[in-house]
Amino acid sequence: MRAIKRLLTAFFLFLVFTAKADEGMWLPLFLQQLNEKQMKAMGMKISAADIYNINKGSLKDAIVSFGGFCTGEVISEKGLVLTNHHCGFDAIQNHSTLERNYIRDGFWARSNSEEIPNPGLFVTFIVRIEDVSKAALAGVNEEMKEAERQSRLDKNIAEIRRNLKKEATQDSYVRSFFEGNQYFLFVTETYRDIRLVGAPPSAIGNFGKDTDNWMWPRHTGDFSLFRIYAGKDNKPAEYSLENVPYKPKKALAISMAGMKEGDFTMVFGFPGRTTQYLHSEAVDQIVKLNDPVKIAIRDKALSVIDGFMRKDEQVKIQYAAKYASISNAWKKWQGEVLGLSSTKAVEKKKNQEAVFRKRVEANPAFKAAYGSLLDDLQNAYQELSKYGVARDYFTETMSRIEAFAIGSQLNNLRSIKEKNGEQAYKDAVPRISARLEDLYKEYNPAVDKKLFEVLLEKFTKDQPEEFLAPELRQLAMDYKNDFGKMADDFYINVDLLNNGAKVLANLQANPDLVLAANDMNRANQLFQQLNTFYAKTVTPKLSELQARVNRLQRTYMKAQMEVMKEKTFYPDANSTLRVTYGNVKGYQPRDAVKYDFYTYLDGVMDKYKPGDYEFDVPEKLRTLYKNKDFGPYGKNGKMPVCFIAMNHTTGGNSGSPALDARGNLVGLNFDRVWEGTMSDINYDPSICRNIMVDIRYVLFIIDKYADAGHLVKEMKLVYPGK
Ligand code: ARG
Ligand code: ASP
């Protein structure tokens, strides 16, 4: 009987464990302890120590945080770094002019001397990671108010960093994990001389643009190449002509073998933010309130901008980046709502909560500590709800109207003048000028006026009176809700909103005059009134309730780990280095629809629309296709382009390497599939897939399309299975 029971328990534990096989973003330093066994069972052929090792070069030494917003990896002994096209886009755009349009035509340095520096861009290596929970939480207790707790933590962390043994060129940070239950220290090394080496034309690097974004099947060659430069001692150095290509501790080898269904893969990178341990009430609000509110506001904004972009070539260029970024999150939220609904995420959370509740009830110690926890969370989220929606209305509206952004820059300048004195004011003028210049570059008064009209109308009509500033209510009354007329009156004859060149010139000649004009600018007056009102009516409540929620979520996290002992927990993403792993696999998003796991160049040609903004295909690529001129990169007469797997990724994982069972580079992560974008809140192995571009497509474009084979020669290609 006992033996049978033991067997059954083992079997159930196995079930729980295997069901979770692909979920999780794991800390590299715990792989051996928590994941190695399972990774090997799933097909991994190397050990955890090959991935993360602080005593000798390991895979982690090839991974960088790219500019703090994406991931990159070192792929040659001369510091060549691979990342996404959309991660390198800013750099590519900055070097583009009408005559040398690198966005449209691509860019390839033919030698080191042609590689272009990018001031401000950096890559950060992780030297080592340490658990510093004890020291960080010393003297912290549950009786403390949140602010008191935070200031204690800040002191402890400052102390940890002060006492840290590290080299002069290294830096460090400490981050909170498991909602503030654990703390980890990261020792880092940052290189700041990062040069652009190559980028395909947008028609390859961003093929399919917004229409294909967040979608599978995908056919995008979303990559670009940079190089790390170092001082003669191979250490970080500011940009200099004397600098030399960085010699890495580890460069990834590149596999030419491709992937089969079921093959083991892992993705190593810097996922930004997930919230996997929310209470069901919070998930319910995301589905029913927050996402829909944000989507509806962006619907309006996007249709305004799109209308102008279609009519006006100049606006199309000016607003392209803005449009892409507004639409990226807009589209993701829609997928998220669909996915959370279709996988019944709220119900799933409620079921988990029921199990939790039952176990807590059955155990007196748990009951004393956590007896009211779920109800407290439910209540706190319910109280927070309307303020959360008010926050969404406010931020989504305010940040879409550039008139407010212009006002905000000059309000800052005014407060510097008043608080920090004449010299600081003088120093600040060029800085603020530069920001305004950037704003005006991507600004059109007609577009902004329409956004002002449409968004403020929505803001006013949708919200309860308690969240409307009295000045706004008065305006709506005065104008009989004719926001079009109101916008006309606010924008007409205002230089600040119609003549950026004049404003910038005046700012140089007589900044006081510009500040005076800004004070008279009715859009800015309204902006300040809305801000003041929000700071008075929403911010204090929101901070108070958010602090309560944070505290409860922290306890809930700790409680889940104590009560659900059979589960292996992973911390939410927080822009720190993580490993995720899963097998290559297609998926079935709905009844009768089944997606394969690979795409080919044939699919690019199927989507080809001559001259189209999203689906044009460069002539040379068409020729290579016609002649099946794929070099060593094709397979059986076909050129692989993208593939999907079950890796649990999120924003920030863009540019992350996809590695095979031996740790060789096989692909470059850049997106997730539409049905599975809710993985940030509820990873579901049936439909969550990450999208990668096949490394052979990257090499094919570099070598055969761009004739930059010298770059491929720098890399180490391997042929597993041959
Ligand atoms: N959806 C991907 C991510 O979240 C790619 C975005 C870039 N591509 C685009 N068409 N906007 O970042
Ligand atoms: N495209 C995302 C990024 O830029 C990745 C994702 O959200 O899956 O990081």
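Q: Tell me about the overall build of the protein, and please be specific about residues and values.
A: Secondary structure summary: the protein contains 27 helices and 22 strands in total. Over its C-alpha trace the protein gives a radius of gyration of 27 Å, about what one expects of a compact globule, namely 27 Å for 722 residues. Dimensions of the protein along its principal axes, counting C-alpha atoms only, are 80 × 70 × 60 Å. The proportion of buried residues among the 722 residues of the protein is 55%.

Q: Describe the site of ligand 2, listing the residues and the values that go with them.
A: The immediate surroundings of ligand 2 are formed by His86, Trp214, Thr650, Gly651, Gly652, Asn653, Ser654, Phe670, Asp671 and Arg672. In this structure, an oxygen atom belonging to ligand 2 sits 3.2 Å away from a main-chain N or O atom of Gly651. A distance of 2.9 Å separates a nitrogen atom of ligand 2 from a polar atom in the backbone of Phe670. Burial of ligand 2 by the surrounding chains reaches 89%, relative to a free accessible area of 270 Å². A per-element tally of the shell around ligand 2 places strand β20 (residues 665–672) first, with three residues. Taken together, the residues of the shell around ligand 2 sort by class into two nonpolar, six polar and two charged.

Q: I'd like a description of the state of the cysteines, backed by residues and values.
A: Scanning the entire structure with this criterion turns up one disulfide. Paired by a disulfide, Cys70 and Cys87 hold their sulfur atoms 2.2 Å apart. Across the S-S bond linking Cys70 and Cys87, the dihedral sits near -75°, which makes this disulfide left-handed. Of this pair, Cys70 sits in strand β2 (residues 70–74) while Cys87 is found in helix α4 (residues 85–94), placing the two residues 17 residues apart along the sequence. Assessed through its relative accessible area of 5%, Cys70 is described here as buried. The structure places no disulfide on Cys642, whose sulfur is separated from the nearest cysteine sulfur, that of Cys87, by 14 Å. Cysteine Cys688 shares no disulfide, and the gap to the nearest cysteine sulfur, in Cys642, comes to 18 Å. Residue class for Cys688 comes out buried when judged on its relative accessible area of 1%.

Q: Before we move on, can you summarise unusual backbone geometry with the specific residues and values?
A: Cis geometry marks the peptide bond from Trp216 to Pro217; its omega dihedral reads 0°. Residue position: Pro217 is located in the loop between α9 (209–212) and β10 (224–230). The residue Glu179 is not glycine, and still its phi comes out positive at about 60°. Position of Glu179 among the secondary structure elements: in the loop between β7 (170–177) and β8 (182–191). Judged by its relative accessible area of 29%, Glu179 falls in the partly exposed class. Even without glycine at this site, Ser575 takes up a positive phi of about 65°. With respect to the secondary-structure elements, Ser575 resides in the loop between α23 (539–563) and β14 (578–583).

Q: Could you give me a rundown of the pairing of strand β13 (residues 264–269), with the residues and numbers involved?
A: Burial analysis of β13 places six of its six residues in the buried class, the great majority of the element. Residues Phe264, Met266 and Phe268 of β13 are buried on one face, and the alternating residues Thr265, Val267 and Gly269, pointing to the opposite face, are buried as well. Summarising the sheet, β13 and β14 pair through six bridges and their orientation is antiparallel. Across the sheet, residue Val267 finds its bridge partner in β14, namely Thr580.

Q: Help me get a handle on the nonpolar core, residues and values and all.
A: Of all hydrophobic cores here, the largest spans 213 residues; its most connected members are Met266 and Phe452. Judged by nonpolar contacts, the second largest core, of 13 residues, contains Val132, Ile157, Ile160 and Tyr183.

Q: I'd like a description of the site of ligand 1, backed by residues and values.
A: The environment of ligand 1 is formed by His86, Asn206, Lys209, Asp210, Asn213, Trp214, Asn328, Phe670 and Asp671. Taking Asn213, its side chain carries an N or O atom lying 2.7 Å from a nitrogen atom of ligand 1. Asp671 is positioned with one of its side-chain polar atoms (N or O) 2.9 Å from a nitrogen atom of ligand 1. Starting from 340 Å² of accessible surface for ligand 1 in isolation, the protein chains cover 85%. Within the residue set of the shell around ligand 1, elements represented by two or more residues are α9 and β20. For the shell around ligand 1, a count of residues per class yields two nonpolar, four polar and three charged.

Q: I'd like a description of helix α11 (residues 313–342), backed by residues and values.
A: An ideal rise of 1.5 Å per residue puts 44 Å on 30 residues; α11 measures up with 40 Å between its terminal C-alpha atoms. The largest bend in α11 comes to about 55°, at Tyr319. If you check the start of α11, you find a side-chain oxygen 2.9 Å away from the backbone N of Gln314, and it comes from Asp312. Just downstream of α11, Lys344 is the residue with a positive phi angle, here 50°.

Q: Can you lay out the environment of Ser543 for me, pointing to particular residues and giving the numbers?
A: Note on placement: Ser543 falls in helix α23. Sequence separation of Ser543 and Ser325 is 218 residues, and the distance between their C-alpha atoms is 28 Å. Among the polar contacts made by the side chain of Ser543, one reaches the main-chain carbonyl oxygen of Thr539 at a distance of 2.6 Å.

Q: How would you summarise helix α2 (residues 31–41) if you had to cite specific residues and measurements?
A: Here α2 has its buried residues at Leu31, Asn35, Glu36, Gln38 and Met39. Downstream of α2 by a residue or two, Gly43 has a phi angle that is positive, lying close to 125°.

Q: I'd like a description of the packing of aromatic side chains, backed by residues and values.
A: Per the counting criterion, the structure on display carries 31 aromatic pairs. Judged by centre distance (5.5 Å) and plane angle (75°), the rings of Phe452 and Tyr491 are edge-to-face. With Phe452 in helix α16 (residues 445–462) and Tyr491 in helix α18 (residues 483–491), the pair connects residues that are 39 residues apart, well separated along the chain. Over the face of the ring belonging to Tyr600 we find Lys638, whose NZ or CZ atom lies 4.5 Å from the ring centre.

Q: Before we move on, could you go through the pairing of strand β3 (residues 80–83) and cite the residues and values that matter?
A: Consecutive side chains of a regular strand alternate in pointing toward one face of the sheet and then the other. What you see with β3 is no split at all: Leu80 and Leu82 on one side and Val81 and Thr83 on the other are buried throughout. Relative to β3, β2 runs antiparallel, the two sharing two bridges. Along β3, the bridge assignment pairs Val74 with Val81. Count of turn residues in the β2/β3 antiparallel hairpin: five residues, of which Gly79 carries a positive phi of about 70°. In this structure, β3 lies alongside β10, joined through four bridges in antiparallel fashion. Pairing of Val81 across the sheet is with Phe226, part of β10.

Q: Provide a residue-level description of the packing of helix α10 (residues 280–311) against helix α12 (residues 345–362), including the pertinent values.
A: Closest axis-to-axis distance for the α10/α12 pair is 9 Å, and the angle between their directions is 175°. Comparing their axes, α12 and α10 come out roughly antiparallel. The residues of α12 that touch α10, namely those facing Ser280, Val283 and Asp284, are Ala345, Val346, Lys349, Lys350 and Glu353.

Q: Account for the pattern of salt bridges, with residues named and values stated.
A: Taken as a whole and judged by the stated rule, the model has 53 salt bridges. The residue Arg128 makes a salt bridge to Glu130 at a minimum N-O spacing of 2.8 Å. For Arg128, a relative accessible area of 19% gives the class buried. A salt bridge links Asp291 to Lys294, with the shortest nitrogen-to-oxygen separation between them at 4.0 Å. Within this pair, Asp291 and its partner Lys294 are both found in helix α10, separated by three residues, close to a single helical turn. Its relative accessible area of 2% is what places Asp291 among the buried residues. Take Lys294: its relative accessible area is 17%, and that puts it in the buried class. A single network of salt bridges, built from pairs that share partners, joins Glu142, Glu146, Arg149, Arg551 and Arg554.

Rules behind the numbers
Within any chain, residue numbers begin from 1 and follow the written order of that chain's sequence. The order in which chains are written sets their letters, starting at A; the order in which ligands are written sets their numbers, starting at 1. For this predicted model, a pLDDT threshold of at least 70 governs which residues receive local features, and a threshold of 80 or more governs which side-chain atom pairs are given and counted, while totals over whole chains, interfaces and linings are taken from all residues. The basis for every side-chain value is the complete set of non-hydrogen atoms in the structure, without hydrogens or water. Secondary structure follows DSSP: runs of H or I at least 4 residues long count as helices, runs of E at least 2 residues long count as strands, and numbering of each begins at the N terminus. The globule rule used for comparison is 2.2 Å times the number of residues to the exponent 0.38, while the radius of gyration itself is calculated over C-alpha atoms. Here's how the labels work: a residue is buried when its accessible area is under 20% of the maximum for its type, exposed when over 50%, partly exposed in between, all with a 1.4 Å probe on protein chains only. Nearness here has a simple test: a residue counts as near a molecule or strand if at least one of its heavy atoms is within 4 Å of that partner. Pairs of N or O atoms within 3.5 Å make up the polar contacts considered here, provided that, within protein, one atom can donate a hydrogen while the other can accept it, and that residues adjacent in sequence are counted only when both atoms are side-chain atoms. Per-residue and other accessible areas were derived by the Shrake-Rupley procedure at a 1.4 Å probe size, with only the shown protein chains allowed to occlude residues. Gly counts as polar in this scheme, as do all residues outside two lists: the nonpolar Ala, Val, Leu, Ile, Met, Phe, Trp, Tyr, Cys and Pro, and the charged Asp, Glu, Lys and Arg. When two cysteine sulfur atoms lie within 2.5 Å, the pair is treated as a disulfide. By this definition, two strands are paired if DSSP reports at least two bridges between them. To qualify as a nonpolar core, a set must consist of buried Ala, Val, Leu, Ile, Met, Phe, Trp, Tyr and Cys residues joined through side-chain atoms within 4.5 Å. A helix is expected to span 1.5 Å for every residue after the first. The angle separating two fitted axes, one through the seven residues that finish at a residue and one through the seven that start at it, defines the bend at that residue. For Phe, Tyr and Trp, rings pair up if their centres lie within 6.5 Å, where Trp contributes its six-membered ring, and each pair is then called stacked (planes under 30 degrees apart), edge-to-face (over 60) or tilted (otherwise). Here, over-ring charges are defined by two tests on the NZ atom of lysine or the CZ atom of arginine: distance to the ring centre within 6 Å, and angle to the ring normal within 35 degrees. Fitted lines through C-alpha atoms give the axes, limited to the stretch in contact for helices. The angle between two N-to-C directions lies from 0 to 180 degrees. Roughly parallel covers angles under 35 degrees, roughly antiparallel covers those over 145, roughly perpendicular covers 65 to 115, and oblique covers all other angles. Any two residues having at least one pair of non-hydrogen atoms within 4.5 Å are treated as being in contact. We count a salt bridge whenever a side-chain nitrogen from Lys or Arg sits within 4 Å of a carboxyl oxygen from Asp or Glu.

Note that all results are geometric; they support no functional claim without further evidence.
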